[in-house]
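# Examining the three-dimensional arrangement
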Amino acid sequence: AQSVSQHNHHVILSEAASLELGCNYSYGGTVNLFWYVQYPGQHLQLLLKYFSGDPLVKGIKGFEAEFIKSKFSFNLRKPSVQWSDTAEYFCAVMSPGSGGYQKVTFGIGTKLQVIP
Amino acid sequence: ETGVTQSPTHLIKTRGQQVTLRCSSQSGHNTVSWYQQALGQGPQFIFQYYREEENGRGNFPPRFSGLQFPNYSSELNVNALELDDSALYLCASSFSPWTGAINQPQHFGDGTRLSIL
């Protein structure tokens, strides 16, 4: 069965610190990978996505993620976090479901708290 | 501002009751997925509708059912509510050029917070 693991459930950083959130998935076939962010009181928003091509993808607000196929990983990074990055971050994997649907599996989420 | 709208925002029900949640998909989208997000968890896939037909379902019992209408809006119905059904219910829409297309990101609504007493 497809699964997504996010290793850090709660991360606390000071402003300007670097961020790396881990995400590993289990699925042997073709997948598309996403990071979503949920700011306090807001809906899930797409941060970045990987479909194919360059495994290093850049998203909004200075975030990037690297797809390493051999490690089944899609870690999220940001060189210097800001207080406004305080949010919950979800890694998600989309693969073809039996019967032809977009099967999307989410990780448990990582709560990032940035201290000014 | 998201193009996916959900109603109601909050809902309180008692065990055994039935509930209907509604979702208007983003303009141009033909696929709607529903998710359940319990406290402290990631969204769990309930089912997906593509062009008015259910084309995928997660590990949820049959008392979770849905509909998609010709304008691609959707409903989630839950019968015989249980305490564990208390959660945030999320609707996400996307455009699929063909069934099962996996290269289209989903856009989420704000969700409906359902509390079961």
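Just above, that's the structure.
Residues numbered from 1 in each chain as written. Chains lettered and ligands numbered in written order. Predicted model: local features only at pLDDT ≥ 70, side-chain atom pairs only at ≥ 80, totals over all residues. Heavy atoms only, no water.

Another aspect to go through is the layout of surface pockets. Each pocket or cavity is described by its volume, and for the largest pocket that value is around 430 Å³. Residue lining of the largest pocket: 19 residues in total, with Gln 38, Gly 41 and Gln 42 of chain A together with Leu 88 and Arg 113 of chain B positioned closest to the centre. Surrounding the second largest pocket, 14 residues form its lining, Thr 105 of chain A together with Gln 44, Phe 45, Gly 58 and Asn 59 of chain B being those nearest its centre. Counting residues per element, the ones that place at least two in the lining of the second largest pocket are β11 (101-106) of chain A together with β5 (44-50) of chain B. At five residues, the largest contribution of residues to the lining of the second largest pocket is made by β11 of chain A. Residues of the lining of the second largest pocket, tallied by class, amount to seven nonpolar, five polar and two charged. (1 Å grid on protein atoms, 1.4 Å probe; cavity = no way out; pocket = protein on both sides within 12 Å on 5 of 7 lines; lining within 4 Å. Points joined across faces, edges and corners; volume = space filled by probe spheres on them. Helix = DSSP H or I, 4+ residues; strand = E, 2+ residues; numbered from the N terminus. Nonpolar A, V, L, I, M, F, W, Y, C, P; charged D, E, K, R; others polar.)

Next up on the list: the sheet that holds strand β8 (residues 74-78) of chain B. Residues and elements named next belong to chain B. With respect to topology, four strands assemble into an open sheet ordered β1-β3-β8-β7, the strand pairing being antiparallel. Only two strands of the sheet have a single partner each, and these edge strands are β1 (5-7) and β7 (64-68). For this sheet, the mean angle separating the axes of adjacent strands, direction not counted, is 20 degrees. Here strand β3 (residues 19-24) pairs with β8 via five bridges, running antiparallel. Of the residues in β8, the one forming a bridge with Arg 22 is Glu 75. (Pairing = 2+ DSSP bridges. Axes fitted to C-alpha atoms, helices over the stretch in contact; angles between N-to-C directions.)

What follows covers the interface of chain B and chain A. Chain B puts 27 residues into the contact, and the matching count from chain A is 23 residues. Summed over the shared surface of chain B and chain A, the result is zero salt bridges. Breaking the side of chain B that touches chain A down by element, the ones donating at least two residues are β4 (31-37), β5, β6 (53-57) and β9 (87-94) of chain B. Among the residues forming the side of chain B that touches chain A, the class breakdown is eight nonpolar, 17 polar and two charged. (Contact = heavy atoms within 4.5 Å. Salt bridge = Lys/Arg side-chain N within 4 Å of Asp/Glu carboxyl O.)

Our next topic: the environment of Cys 91 of chain B. All names here are of chain B. Note that Cys 91 resides in strand β9. Sequence separation between Cys 91 and Leu 21 is 70 residues; the distance between their C-alpha atoms is 9.5 Å. Look past the residues within four positions of Cys 91 in its chain and what remains in contact with it is Val 4, Gln 6, Cys 23, Val 32, Ser 33, Trp 34, His 107, Phe 108 and Gly 109.

Further remarks concern the environment of Arg 113 of chain B. Residue and element names in this part refer to chain B. Mapped onto the secondary structure, Arg 113 falls in strand β11 (residues 112-116). Separated by 25 residues in sequence, Arg 113 and Leu 88 have C-alpha atoms that sit 4.4 Å apart. Filtering out sequence-adjacent residues up to four positions away, Arg 113 remains in contact with Thr 9, His 10, Leu 11, Ala 87 and Leu 88.

Residues and elements named next belong to chain A. For Phe 74, the position within the fold is in strand β9 (residues 73-78). For Phe 74, a relative accessible area of 0% puts it in the buried group. In this structure, the C-alpha to C-alpha distance between Phe 74 and Leu 21, residues 53 residues apart in sequence, is 8.9 Å. The residues contacting Phe 74, other than those within four sequence positions of it, are Cys 23, Leu 33, Phe 34, Trp 35, Leu 48, Tyr 50, Val 57, Ala 65, Glu 66 and Phe 67. (Buried < 20%, exposed > 50% of the residue type's maximum accessible area, 1.4 Å probe, protein only.)

On to the pairing of β7 of chain B, then. Only one face of β7 of chain B is buried, namely the one carrying Phe 64, Gly 66 and Gln 68 of chain B, since none of Ser 65 and Leu 67 of chain B on the opposite face is buried. The hairpin turn running from β7 of chain B into β8 of chain B, its antiparallel successor, is five residues long, and Tyr 72 of chain B in that turn takes a positive phi close to 75 degrees.

Turning our eyes to something else, we now look at the packing of aromatic side chains. Per the stated rule, a full pass over the model turns up 16 aromatic pairs over all chains. An aromatic cluster is built from Phe 34, Tyr 36, Phe 51, Phe 90, Tyr 101 and Phe 106 of chain A together with Tyr 35, Phe 45 and Phe 108 of chain B, whose rings are joined through pairwise contacts. (Phe/Tyr/Trp six-rings, centres within 6.5 Å; stacked < 30°, edge-to-face > 60°.)

Residues and elements named next belong to chain A. Evaluation of the coordinates by the stated rule reveals two disulfides over all chains. Each sulfur of the disulfide joining Cys 23 and Cys 91 lies 1.9 Å from the other. An S-S torsion of about -65 degrees defines the bridge between Cys 23 and Cys 91 as left-handed. A residue pair is termed long-range when its members are at least 10 positions apart, and Cys 23 in the loop between β3 (19-21) and β4 (24-26) and Cys 91 in strand β10 (residues 87-97) qualify at 68 residues. Note on Cys 91: relative accessible area 0%, which makes it buried. (Disulfide = S-S within 2.5 Å.)

This next bit is on unusual backbone geometry. With an omega of -10 degrees, the peptide bond running from Ser 7 of chain B to Pro 8 of chain B counts as cis. By the secondary structure assignment, Pro 8 of chain B is in the loop between β1 and β2 (10-13). Within the chain, Lys 61 of chain A stands out as a residue other than glycine whose phi angle is a positive 60 degrees. Mapped onto the elements of the fold, Lys 61 of chain A is located in the loop between β7 (56-58) and β8 (64-68).

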